[in-house]
Amino acid sequence: MSDPIQTEVHRIAAAPARTASYEADPAEVNRVLLLYSGGLDTSVMLRWIADEYGAEVVCLTVNLGQPGEDYEVIKGKALQIGAVECHVVDAREEFARDYIVPAIRANALYGGGYPLFTALGRPLIAKLAVEYARRTGCDTIAHGCTGKGNDQVRIETTIATLAPELKVIAPVRSWQMGREEEIAYAREHGIPVKGGTEIAPYSIDDNLWGRSSEGRWIEDLAHAPEDDVFQLVTRPEEAPDEPEIVTVTFERGVPVALNGERMALVPLLEKAAAIGCKHGVGIVDHIEDRIVGLKVRDIYEVPAAAIILTAHQELEHLVCTIHQNQFKKALDQKWGYLVYAGLWWEPLRSDLDAYMDAVNEQVTGTIGLKLYKGSVRVVTRESPNAVYDAALATFAESGGLFSQTASPGFIELWSLQSRMAHQLRARRRS
Ligand code: ARG
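Note that the coordinates shown come from a computational prediction; the quantities given were computed from them, not determined experimentally.

1. A few points about the overall build of the protein
- Of the regular secondary structure elements, the protein holds 15 helices and 14 strands.
- Sorting the 430 residues of the protein into buried and exposed places 47% on the buried side.
- Across the protein, contacts joining residues at least 24 apart in sequence account for 72% of those joining residues at least 6 apart.
- Counting every atom, the protein has about 21200 Å² of accessible surface; 53% of that belongs to carbon and sulfur.

2. A few points about the packing of aromatic side chains
- Applying the stated criterion across every chain, the model contains 13 aromatic pairs.
- Pairing Phe327 with Tyr355 gives two aromatic rings, centres 5.6 Å apart and planes at 85°, and the pair type is edge-to-face. Remark: Tyr355 occurs in helix H12 (residues 347-360) and Phe327 occurs in helix H11 (residues 322-340); sequence separation between them is 28 residues.
- Since its relative accessible area comes to 47%, Phe327 is described here as partly exposed.
- Looking at Tyr355, the relative accessible area reads 23%, which means it is partly exposed.

3. Considerations on the sheet that holds strand S3 (residues 85-90)
- In space, the five strands of this open sheet follow the order S3-S2-S1-S4-S5, with parallel pairing throughout. Sheet topology places S3 and strand S5 (167-169) at the edges, where each strand pairs with a single neighbour. Neighbour-to-neighbour, the strand axes of the sheet open up by a mean angle of 25°, direction not taken into account.
- Examined bridge by bridge, strand S1 (residues 31-35) and strand S2 (residues 56-63) share five bridges and lie parallel to one another. Directly across from Leu33, in S2, lies its bridge partner Val58.

4. Quick word on the environment of Gly336
- Note that Gly336 resides in helix H11.
- A C-alpha to C-alpha distance of 6.2 Å links Gly336 and Leu109, two positions 227 residues apart in sequence.
- Leaving out residues up to four positions away in the same chain, Gly336 has contacts with Tyr110 and Leu116.

5. Side note on helix H9 (residues 265-278)
- The end-to-end C-alpha separation of H9 is 20 Å, in line with the 20 Å expected for 14 residues at 1.5 Å each.
- Along H9, the residues that are buried comprise Leu265, Val266, Leu268, Leu269, Ala272, Ala273, Ile275, Gly276 and Cys277.
- Those residues of H9 that are buried are in contact with helix H4 (92-105), strand S8 (244-251), strand S9 (254-258), helix H10 (303-319) and strand S13 (365-372).
- Directly beyond the C-terminal end of H9, a positive phi value near 70° is found at Gly280.

6. Structural notes on the nonpolar core
- Grouped together as the largest cluster of nonpolar side chains are 82 residues, with contacts concentrated most on Leu116, Leu120, Trp209, Ile308 and Trp335.
- For this core, the element with the most residues is helix H5 (residues 117-135), which contributes 11 residues.
- Beyond its immediate sequence surroundings of up to four residues, Trp209 is in contact with Ile100, Ile104, Pro115, Phe117, Leu120, Leu269, Val302, Ala304, Ala305, Ile308 and Leu309.
- Formed by 28 residues, the second largest nonpolar core is a distinct cluster that contains Val44, Cys59, Ala83 and Ile191.

7. Considering the site of the ligand
- For the ligand, the set of nearby residues contains 14 residues, the closest of which are Tyr114, Asn150, Asp151, Arg154 and Glu288.
- Contacts to the ligand include Glu288, whose side-chain N or O atom sits 2.8 Å from a nitrogen atom.
- Contacts to the ligand include Asp298, whose side-chain N or O atom sits 3.3 Å from a nitrogen atom.
- Calculation on the ligand without its partners gives an accessible area of 340 Å², and the protein chains cover 89% of this total.

8. Observations regarding the pattern of salt bridges
- Counting across every chain of the model gives 31 salt bridges.
- In this structure, Arg122 and Asp205 form a salt bridge, with 3.3 Å as the shortest nitrogen-oxygen distance. Here Asp205 lies in strand S6 (residues 203-207) and Arg122 lies in helix H5, a separation of 83 residues in the sequence. Neither Arg122 nor Asp205 differs from the other in exposure class; each is buried.

9. Focus on the side chain of Glu182
- For Glu182, the position within the fold is in helix H8 (residues 179-188).
- Buried charge without a partner: Glu182 forms no salt bridge, and the closest opposite charge is Arg179, 7.2 Å away.
- If we skip the residues at most four places from it in the chain, Glu182 touches Leu40, Asp41, Val44, Trp175 and Met177.

10. Regarding the side chain of Thr136
- Tracing the backbone through its elements, the reader meets Thr136 in the loop between H5 and strand S4 (140-142).
- For Thr136, a relative accessible area of 12% corresponds to the buried category.
- Sequence-distant contacts of Thr136, defined by excluding residues within four places in its chain, comprise Arg31, Leu33, Val58, Glu85 and His87.

11. Concerning a nonpolar patch on the surface
- Residues Leu392, Leu401 and Phe402 make up a contiguous nonpolar surface patch of roughly 340 Å² in combined accessible area.
- Tracing the chain through its elements places Leu392 in helix H13 (residues 390-393).
- Exposure remark for Leu392: the relative accessible area of 35% places this residue in the partly exposed category.

12. So, helix H3 (residues 71-81)
- Among all positions of H3, only Tyr71, Ile74, Lys77, Ala78 and Ile81 are buried. Buried residues of H3 fall within an arc of 120° about the axis and therefore sit on the same side. The outward face of H3, more than 90 degrees from its buried face, is lined by the exposed residues Glu72, Val73 and Gln80.
- Buried residues along H3 sit in contact with helix H2 (40-53), S2 and S3.
- Backbone geometry just after H3 places Gly82 at a positive phi near 130°.

How each quantity is defined
- Residues numbered from 1 in each chain as written.
- Predicted model: local features only at pLDDT ≥ 70, side-chain atom pairs only at ≥ 80, totals over all residues.
- Heavy atoms only, no water.
- Helix = DSSP H or I, 4+ residues; strand = E, 2+ residues; numbered from the N terminus.
- Buried < 20%, exposed > 50% of the residue type's maximum accessible area, 1.4 Å probe, protein only.
- Contact = heavy atoms within 4.5 Å.
- Areas by Shrake-Rupley, 256 points an atom, 1.4 Å probe, with all protein chains shown as cover.
- Phe/Tyr/Trp six-rings, centres within 6.5 Å; stacked < 30°, edge-to-face > 60°.
- Pairing = 2+ DSSP bridges.
- Axes fitted to C-alpha atoms, helices over the stretch in contact; angles between N-to-C directions.
- Expected span 1.5 Å × (residues − 1).
- Core = buried A, V, L, I, M, F, W, Y, C linked by side-chain atoms within 4.5 Å.
- Near = heavy atom within 4 Å.
- Polar contact = N/O pair within 3.5 Å; in protein donor to acceptor, adjacent residues only side chain to side chain.
- Salt bridge = Lys/Arg side-chain N within 4 Å of Asp/Glu carboxyl O.
- Lys, Arg positive; Asp, Glu negative; His and termini not counted.
- Patch = residues over 30% accessible without salt bridge, like charges linked within 9 Å, V, L, I, M, F, W, Y side chains within 5 Å.
- Arc of directions from axis to C-beta.

Have a look at this one:
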């Protein structure tokens, strides 16, 4: 350690007043499982925890399908900085099957536009942290979330729910280092820093189901998106001049084929994302009500979700009755809110899943979508379970189950109360 005053600042920051029962008492921290991404925050954190707590640090890096990561490099970096172990877990299949599929069945879109990829990933990452902490003899889990976001809520809720014996440390909430100080700390301690002190990057989070960018000009609501934020999806104006039709086939609410080709879930999601990226679909410029009270702007790129959720919603609508369709919307919204809010383990979520699963028993069929310069539009629908009969829907003569001569009788009874109420009010006014 160099500067003694700085060291004192860090010491104090390591032992802030503890508010919650699951926050670690520095005196009792011996071995820490750190959720490690390989970025600046968690790299500095790895060394900082070892020094400030005198603890051993075991790193865990979770692959949820974030593009462009080299996990060998991340692992090498963790060990170089001083981790006693570094585990890399490929959780893509579990993420797709147990987190994204339920979200598809619930048509999950928070605030009307955010398909929850981060919110779905955090409970899985935290569940794996609990498993690895227990397996490697750690008493504490550390993460790199700030005190202003939803991710701390999702991660700590999961840990406190699944493992009441484990404690948590969240250094970013207390260490009072900004980006410049972190870079200085890294330099001082021989921690490799990508790039230099140039302009702070966007704050990015991504996985199989989408990518978010926050920070910089995004915080200025009057600032229209700059091109460099789009690192995943082609800008719509540069997308191909020819539209493309893609079909998505579902069995019981699970996507099983693209363009008639059966695929396992992870490659299917990756393929859908690639097609969506090419046509510039899934860009969402979103103002969001965070669970910690703040209103924040996010730029999302969600090409796979834009295709698959649109198709699922349409197919579900086709196979359900008017009553199911009206009712499920409210439950979908509740599901999305619980998951956004970090309550993945709340029993109401699994209660709702029981309903989602029941409805999705019928969600089998194929939806065709036309992708063109940023837009996704349903163009064809097929299902053995469609509550639809072309012969009944046609404008031609009545017949079969539908008698047009029965309609006036229906209309008289259907409108009875509304007509009576209207007349009562009219009489009172005159
Ligand atoms: N606003 C989104 C959410 O709360 C995305 C958060 C992204 N997280 C991050 N650490 N950059 O789920």
